[in-house]
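# Understanding the architecture of this molecule
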Amino acid sequence: MGKVGALPDGVIRKILLSYAYVGVWIFLSFTVIVYNKYILDPKLYNWPFPISLTMIHMAFCSTLAFLCVRVFGVVEPVAISRELYLSSVVPIGALYALSLWLSNSAYIYLSVSFIQMLKALMPVAVYSIGILFKKEGFRSETMANMVSISIGVAIAAYGEAKFNWWGVCLQLGAVAFEATRLVMIQILLTSKGITLNPITSLYYVAPCCLAFLSVPWIFVEYPVLKETLRFQFDFLIFGTNSFCAFALNLAVFMLVGMTSALTMNVAGVVKDWLLIAFSWSVIKDTVTPINLVGYGLAFLGVAYYNHSKLKALKAKEAQKKAQQADEESGQLLEREAGDGMGKKNDSQA
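Here's a quick rundown of the structure. (Residues numbered from 1 in each chain as written. Predicted model: local features only at pLDDT ≥ 70, side-chain atom pairs only at ≥ 80, totals over all residues. Heavy atoms only, no water.)

### Quick notes on unusual backbone geometry
Backbone geometry places N46, a non-glycine residue, at a positive phi of 60 degrees. Mapped onto the secondary structure, N46 falls in the loop between helix 1 (9-40) and helix 2 (50-71). A positive phi angle, near 60 degrees, is found at K134, a position not held by glycine. Structurally, K134 is set in the loop between helix 5 (122-132) and helix 6 (140-158). K134 sits in the exposed class, given a relative accessible area of 75%. (Helix = DSSP H or I, 4+ residues; strand = E, 2+ residues; numbered from the N terminus. Buried < 20%, exposed > 50% of the residue type's maximum accessible area, 1.4 Å probe, protein only.)

Written out as structure tokens, the structure is:
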């Protein structure tokens, strides 16, 4: 006999696997952020071409996504008509291109730690844009929480030792475009019953994103690269960097499939604190006490937001189960009533 309260081996294995996926996702997300910073920062690898780097990622991810979907059949393709692609996928691809371009550009001007602090504004942006597009209802409690997050980020910005207005504008623009992209996915795809996992998302969106990025690249970075005769494409650096970016999307697919999107949000908070610690201890970025106080306040707001979303999700699931139970009991009563009428007719005959 096993010990009382001992978990079955299958449950333990599933828990360990979930933690393993969380660990892999944190590691890959951490690696991609630090790797991008290393490549783009003028003081490190000194290749300050964020559009080019993003285009390399999109070309690499498009190729591997095509192989995963069409050649190896890792995931099934989603049937999307030409009209739906033009009306839904193309706008999302444009927003994704702008978000990646601006977020990678910010690494040239800001520290890794400060960028993570600014990213805490993502729930504020998503909620505000959701209200604007009437996908979210205005609630004073939620808005007060959004204000507390914004105040926390403002305090962190006030305490930033190497504050750069242009870098902050780039990162805030990236947050705004990414939040709009997430809301537009709900409006243009999810509402139509179309669900894309990270691999099929890359399969459809990455080529579109690559096409949009090529326009500013031709005018902004291509003339500079053409004059930089000393530059030689480093296949090891850019190949491993692109592979990490694609592996991160695979990890998202596996993590959400094994756990939930909320688990990924919670893991993201852990990753942000690790990045701040790494930025301070290894990269030697300056992290001030005011930075930490401000981000701590924003962190509490984000944690409360995630907690509220979890409560709402559980309430929705409980309501759904109650409705299913009511339907099943109603069907059972109908069957019993039918059987009773049948027996009554048989006795009268």
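Following the structure, the description resumes.
### A short note on the packing of aromatic side chains
Overall, the coordinates contain twelve aromatic pairs when judged by the stated rule. Note on W47 and F49: the rings are 5.3 Å apart at their centroids and 65 degrees apart in plane angle, and the pair reads as edge-to-face. Residue classification places W47 among the buried positions, given a relative accessible area of 5%. With 4.8 Å between their ring centres and 80 degrees between their planes, Y203 and Y204 make a pair best called edge-to-face. Classification of Y204 as buried rests on a relative accessible area of 10%. Every member of this aromatic cluster is reached through a ring pair, and the members are Y38, Y45, W47, F49 and F238. (Phe/Tyr/Trp six-rings, centres within 6.5 Å; stacked < 30°, edge-to-face > 60°.)

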